[in-house]
Amino acid sequence: MTPLSIPKPDFLADSEFEMFEDSVARFLDTHASPETVQSWREEGIVPRSFWEKAAEAGLLGLSTSTEYGGVGGDFRHEVILMEQIGRRGIEGWDVTLHNAIVAPYIETYGTEEQKQRWLPKIASGEYITAIAMTEPGAGSDLQGVKTTAKKEGNQYTINGSKTFITNGQNANLVAVVAKTDPALGAKGISIVMVETDDAQGFERGRNLDKIGRDCADTSELFFNDVRVPTSNLLGPEEGKGFFQLMEKLPQERLILAVQAAAAMEYILRITVDYVRERKAFGKAVIDFQNTQFKLAEYKTQATIAKVFVNHCVSLHIKGELDSATASMAKYWVSDALWEVVDGCLQLHGGYGYMSEYPIAQAFKDARINRIYGGTNEIMKLLIARTL
């Protein structure tokens, strides 16, 4: 499946993980064939029916505790799922956001009632989740959000707009980052959960037309006097949202690094396959020294990325991954991915520019990695603060 020759890391050296990896591979090969994924790209969304199949296969609520209806795995299982998705070039099925970003917010910070109320539905696929942070005027600067959640009796009234929201068309449980007290800056930010199915005043905007990740339903969301009970505030008190986000962002950035490293493996594999078959001047493209040297560089970069990512995952499992190291992983691996995919497209020649070739899709998909989850410039700023 991959041209890299890296031993399995110690944290995956167990037959349980090998069996799980095999089951994920079988599921994806059966239900997410290249033809199926192409149909998702054309439709601009992964259908709910696929999410339901994933739930039946035990891939939703993967790292959620069994007492809340989850599978009871941990971050290692999420890594295996991410890698199997990435190594097949499947972009836009944002199950990891659902499993390893939104669900942990609820399990870590939610009240017991909230956990019992939402986590089983996340695991069953009844709820697909999203987190609404980014706004038209506030991207990486979370303190700049303008969306408000005003407390009125036993309800919050939410007003504002969000954009670039992953799972935006499918999601029916949205973690909304809003200001419950705009005068307090970061200390006035809270996360309020919105169940969208019966939420008056909630509107979905466009399923945004992107240059890549075509089957991801990335959307605008609008909140116009949306009223939810105060029991939908994530956690026991207001003003904790910014700190909740800061605590969980290292895992989110590590996730992006894991996904980028897996994408590099996929890109390297399809490029090696191509240059072995493609002929130029009477011989295979791989027989040219330039091709060999370039692929040697890209394999080295992919290997370094994978080893560093594995190191970060190991730290994270032990609770030792700090924000700066996660930022290093996110920025460096995504930059390396961009360099590798650009170089591999070049090795495809003119065919690399044709949409029907997988490298063209991979090229388009890779560009966002340097932007979302906090731009790479913001990552460097966070790292610099530790000097």
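Residues numbered from 1 in each chain as written. Predicted model: local features only at pLDDT ≥ 70, side-chain atom pairs only at ≥ 80, totals over all residues. Heavy atoms only, no water.

## Quick look at the layout of surface pockets
Consideration 1: The calculated volume of the largest pocket comes to roughly 1200 Å³.
Consideration 2: Surrounding the largest pocket, 45 residues form its lining, Thr 134, Ile 371, Tyr 372, Gly 373 and Gly 374 being those nearest its centre.
Consideration 3: Broken down by secondary-structure element, the contributors of at least two residues to the lining of the largest pocket are helix H5 (95-109), strand E3 (155-165), helix H7 (241-277), helix H10 (358-366) and helix H11 (376-384).
Consideration 4: With 9 residues, the single largest contributor to the lining of the largest pocket is H7.
Consideration 5: Broken down by class, the residue content of the lining of the largest pocket amounts to 21 nonpolar, 13 polar and 11 charged.
Consideration 6: Lining of the second largest pocket is provided by 21 residues; of these, Pro 34, Arg 41, Arg 88, Tyr 266 and Pro 358 occupy positions nearest its centre.
Consideration 7: Among the secondary structure elements, those contributing two or more residues to the lining of the second largest pocket are helix H1 (15-31), helix H2 (34-43), H7 and H10.
Consideration 8: Top contributing element to the lining of the second largest pocket by residue count: H2, with 5 residues.
Consideration 9: Its residues assigned to classes, the lining of the second largest pocket shows 9 nonpolar, 5 polar and 7 charged. (1 Å grid on protein atoms, 1.4 Å probe; cavity = no way out; pocket = protein on both sides within 12 Å on 5 of 7 lines; lining within 4 Å. Points joined across faces, edges and corners; volume = space filled by probe spheres on them. Helix = DSSP H or I, 4+ residues; strand = E, 2+ residues; numbered from the N terminus. Nonpolar A, V, L, I, M, F, W, Y, C, P; charged D, E, K, R; others polar.)

## Structural notes on the pairing of E3
Consideration 1: As paired elements, strand E2 (residues 148-152) and E3 share 5 bridges and run antiparallel to each other. If you follow Glu 152 over to E3, its bridge partner there is Gln 155.
Consideration 2: Taking the residues between adjacent antiparallel strands as the criterion, E2 and E3 are bridged by 2 residues, where Gly 153 takes a positive phi near 65°. (Pairing = 2+ DSSP bridges.)

## Here's the deal with the UniProt feature "domain: Acyl-CoA dehydrogenase/oxidase C-terminal" (unreviewed entry) in the chain
Consideration 1: In the numbering used here, UniProt assigns the "domain: Acyl-CoA dehydrogenase/oxidase C-terminal" (unreviewed entry) feature to residues 239-386.
Consideration 2: Regarding residues 239-386, the helix share stands at 74% and the strand share at 3%, and the terminal C-alpha atoms are separated by 26 Å. (UniProt positions renumbered as here; feature names shortened; annotations may be inferred.)

## A closer look at the UniProt feature "domain: Acyl-CoA dehydrogenase/oxidase N-terminal" (unreviewed entry) in the chain
Consideration 1: Mapped onto the present numbering, the UniProt feature "domain: Acyl-CoA dehydrogenase/oxidase N-terminal" (unreviewed entry) falls at residues 16-126.
Consideration 2: Structurally, residues 16-126 is divided into 68% helix and 0% strand, and its ends, taken at the C-alpha atoms, are 28 Å apart.

## Let's talk about empty space enclosed by the protein
Picture a little ball the size of a water molecule; that probe, rolled over the atoms, points out where space is still empty.
Consideration 1: Overall, the coordinates contain 2 cavities of 30 Å³ or more when judged by the stated rule.
Consideration 2: Lining the largest cavity are 23 residues, with Gly 86, Ile 90, Glu 91, Gln 259 and Ala 263 sitting closest to its centre.
Consideration 3: The element contributing the most residues to the lining of the largest cavity is H7, with 5 residues.
Consideration 4: Volume-wise, the second largest cavity comes out at about 30 Å³.

## Regarding the domain arrangement of the chain
Consideration 1: Segmenting the chain into domains produces domain 1 (10-124), domain 2 (129-238) and domain 3 (242-385).
Consideration 2: Spacing between the C-alpha centres of domain 1 and domain 3 amounts to 22 Å.
Consideration 3: Contacts between the two partners involve 19 residues from domain 1, matched on the other side by 23 residues from domain 3.
Consideration 4: The contact between domain 1 and domain 3 buries some 1900 Å² in all, and 67% of this surface belongs to carbon and sulfur atoms.
Consideration 5: Per-residue buried area on domain 1 facing domain 3 is highest for Phe 75, Arg 87 and Tyr 109; these three make up 32% of the total on that side.
Consideration 6: At the surface where domain 1 touches domain 3, the tally comes to 2 salt bridges.
Consideration 7: The partner of Lys 306 in a salt bridge is Glu 83, with the nearest N and O atoms 3.7 Å apart.
Consideration 8: Where domain 1 touches domain 3, the interface holds 5 residue pairs in polar contact (both at pLDDT 80 or more).
Consideration 9: Among the elements of the structure, helix H4 (75-86) and H5 are those that each provide at least two residues to the side of domain 1 that touches domain 3.
Consideration 10: It is H5 that contributes the most residues to the side of domain 1 that touches domain 3, 7 residues altogether.
Consideration 11: Broken down by class, the residue content of the side of domain 1 that touches domain 3 amounts to 9 nonpolar, 4 polar and 6 charged. (Domains from an automatic or database assignment. Contact = heavy atoms within 4.5 Å. Buried area = accessible area lost by both parts, 1.4 Å probe. Salt bridge = Lys/Arg side-chain N within 4 Å of Asp/Glu carboxyl O. Polar contact = N/O pair within 3.5 Å; in protein donor to acceptor, adjacent residues only side chain to side chain.)

## Here we look at helix H9 (residues 323-347)
Consideration 1: For H9, spanning 25 residues, the distance from its first C-alpha to its last is 36 Å, which sits close to the expected 36 Å at 1.5 Å a residue.
Consideration 2: In the segment just after H9, Gly 349 is the residue with positive phi, at about 65°. (Expected span 1.5 Å × (residues − 1).)

## Thoughts on H11
Consideration 1: Listing the buried residues of H11 in full gives Asn 376, Met 379 and Ile 383. Considered in projection along H11, the buried side chains sweep an arc of 50° and stay on one side of the axis.
Consideration 2: For H11, the elements touching its buried residues are H7 and H9. (Buried < 20%, exposed > 50% of the residue type's maximum accessible area, 1.4 Å probe, protein only. Arc of directions from axis to C-beta.)

## Things to note about the environment of Thr 163
Consideration 1: Here Thr 163 is to be found in strand E3.
Consideration 2: In this structure Thr 163 comes out as buried when scored by relative accessible area, which is 8%.
Consideration 3: Separated by 197 residues in sequence, Thr 163 and Ala 360 have C-alpha atoms that sit 26 Å apart.
Consideration 4: Filtering out sequence-adjacent residues up to four positions away, Thr 163 remains in contact with Thr 134, Glu 135, Pro 136, Leu 208, Ser 219 and Glu 220.

## Concerning the pattern of salt bridges
Consideration 1: Applying the stated criterion to the full structure yields 16 salt bridges.
Consideration 2: For Arg 88, the salt bridge identified is with Asp 29, shortest N-O distance 2.8 Å. Taken together, the residues Arg 88 in the loop between H4 and H5 and Asp 29 in helix H1 connect sequence positions 59 residues apart.
Consideration 3: Classification of Arg 88 by relative accessible area gives buried; the value is 16%.
Consideration 4: A relative accessible area of 49% means that Asp 29 is categorised as partly exposed.
Consideration 5: One salt-bridge network, in which partners are shared between bridges, spans Lys 8, Glu 21, Glu 83, Arg 87, Glu 265 and Lys 306.

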